[in-house]
Structure formats: structure tokens, C-alpha cells
Amino acid sequence: MDLTKILSNPVRVRIIQYLQLYGDATTKQISGYLDDIPAPTIYRHVNSLIKEGVLTVKDERKVRGTTERLIGIDVEKWSKGVNSDIAGTAYQFLMSIYGQFREYCSSPDVDPMADRLCLRSCIMRLGDEPFDQFITEYAALIDKYLKMQDGGKLRGISIISAPVKEES
């Protein structure tokens, strides 16, 4: 599994994000949710993610002459891929964000104020249970706003959680 290839493609990231949030789904369901991306593009990326071993076909059934596949993340392979090179995975994650940001900044009509550009970071002191609760609430908040709104812009929002070295 080539995480660099996966994490550097925003369509693939959004497909994985959908499955992480909603669980197993058909490609048609994913395509219906990510309706700003052409269906053939979704189908092509889903097939590539299946070939790469990120996604797995959980079930197949015949529907009006075609085969409908229920797909999901192969959690074991995904976890193994992410954990095998956590520093490389984090680097690729950050570089994909940087690449999108650089592309945005290279536009001749860039307007950070009008586009509501936001760069924020905070350090929290949380035990494991409060942190788990924070992540649950964060996921619910993202879920609330994840569906593309008519006239809305695609906006990248990222979160990184890592221990911070405390000063002595």
C-alpha cells in the first residue's frame, strides 16, 4: 500500500474519510454524498483503492444486471500501513496540506480574508478519556457540516494530535 499516493490525492482522502465516518457503503452511496466529484472519478478511485488494498469488498449482489459492491476500509491493512512509517505518513499528510495551500497561494486572485483563511493551533492538557470525548465531539461537528452546501466552497480543515514535549 502506497500511503504517499493515497494521502496526496484529495479525492481518495475524501472517500476514505466518508467510509471512516459512515462505515461500509456502496460506491453509488459515496458518489451521491461526494456529489461535487463526477461519479466516474469516484468509481475509478474506489477501484484503485481496492487494488491497493486500502478498501475491501465486503459483499456483492446483483442489482438490475449490474453487480453492486459493499466496500469498506481494510482496517488491518490501513492500520499496518499507517503504523509502519508513522513519521513518513505524517510528513505526507503535512505535505499534501502544504501542496494545497501552495496551490491556493499561487492563484492571482488569492484573497485570504474573503476566503476565510485560518491557521490555528492550540495545546490542550487532556487525559485519555477527555481526549476521546473531544475526538467524538469533533467527529460529530465535522459530520454536521461535511455534506457540501449549495454555493459552498470546498475547505480543507485538518487536525493533528501528537504529544508535545513539555519543558522541564
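See above for the structure.
Residues numbered from 1 in each chain as written. Predicted model: local features only at pLDDT ≥ 70, side-chain atom pairs only at ≥ 80, totals over all residues. Heavy atoms only, no water.

**Observations concerning the packing of aromatic side chains**
Applying the stated criterion across every chain, the model contains six aromatic pairs. Centre to centre, the rings of Phe134 and Tyr138 are 6.2 Å apart; their planes meet at 20°, and the pair counts as stacked. Of the two residues, Phe134 and Tyr138 are both situated in helix H7 (residues 128-146); the distance of four residues between them amounts to about one turn of the helix. A connected cluster of aromatic rings, assembled from ring pairs, spans Tyr18, Tyr22 and Tyr33. (Phe/Tyr/Trp six-rings, centres within 6.5 Å; stacked < 30°, edge-to-face > 60°. Helix = DSSP H or I, 4+ residues; strand = E, 2+ residues; numbered from the N terminus.)

**Re the sheet that holds strand E1 (residues 25-26)**
The strand order across the open sheet formed by three strands is E1-E3-E2, and the pairing between neighbours is antiparallel. Either end of the sheet is taken by a strand with one partner, and the two such strands are E1 and strand E2 (55-63). In this structure, E2 lies alongside strand E3 (residues 66-73), joined through eight bridges in antiparallel fashion. In the strand pairing of E3, Leu55 is matched with Ile73. Packing against the sheet, helix H2 (residues 10-22) makes contact with E1, E2 and E3, and its axis sits at approximately 80° to E3. Taken strand by strand, helix H4 (residues 39-51) contacts E2 and E3, and its axis lies near 60° from that of E3. (Pairing = 2+ DSSP bridges. Contact = heavy atoms within 4.5 Å. Axes fitted to C-alpha atoms, helices over the stretch in contact; angles between N-to-C directions.)

**What about helix H6 (residues 86-105)?**
Spanning 20 residues, H6 covers 28 Å between terminal C-alpha atoms, matching the ideal 28 Å at 1.5 Å per step. Every buried residue belonging to H6 is among Thr89, Gln92 and Ser96, and all of these are buried. Projected down its long axis, H6 shows its buried positions confined to an angular sector of 60°, all on one face. Away from the buried face of H6 by more than 90 degrees, exposed residues Ile86, Ala87, Tyr91 and Arg102 are located. (Expected span 1.5 Å × (residues − 1). Buried < 20%, exposed > 50% of the residue type's maximum accessible area, 1.4 Å probe, protein only. Arc of directions from axis to C-beta.)

**Observations concerning the pattern of salt bridges**
This structure, assessed with the given rule, holds four salt bridges. For Arg14, the salt bridge goes to Asp36, with nearest N and O atoms at 2.9 Å. One end of the pair, Arg14, is in helix H2; the other, Asp36, is in the loop between helix H3 (27-33) and H4, and 22 residues separate them in sequence. Among the salt bridges present, the one from Arg61 reaches Glu68, with a minimum N-O distance of 2.6 Å. (Salt bridge = Lys/Arg side-chain N within 4 Å of Asp/Glu carboxyl O.)

**A word on the packing of H2 against H4**
Close contact between H2 and H4 brings their axes to 10 Å; oriented N to C, the two are set at 75°. The angle between H2 and H4 falls in the class roughly perpendicular. Of the residues in H4, those touching H2 at Val11, Arg12, Ile15 and Ile16 are Thr41, Ile42, His45, Val46, Ser48 and Leu49. Class assignment of the residues belonging to the contact of H2 with H4 gives a composition of six nonpolar, three polar and one charged. (Parallel < 35°, antiparallel > 145°, perpendicular 65-115°, else oblique. Nonpolar A, V, L, I, M, F, W, Y, C, P; charged D, E, K, R; others polar.)

**A short note on unusual backbone geometry**
The residue Arg116 is not glycine, and still its phi comes out positive at about 55°. Classification of Arg116 as exposed rests on a relative accessible area of 62%.

**Some words on a nonpolar patch on the surface**
A surface patch of nonpolar side chains, amounting to about 510 Å² of accessible area, comprises Tyr91, Leu94, Met95, Tyr98 and Ile160. Take Leu94: it is sitting in helix H6. On the accessibility criterion, Leu94 (39% relative accessible area) is partly exposed. (Patch = residues over 30% accessible without salt bridge, like charges linked within 9 Å, V, L, I, M, F, W, Y side chains within 5 Å. Areas by Shrake-Rupley, 256 points an atom, 1.4 Å probe, with all protein chains shown as cover.)

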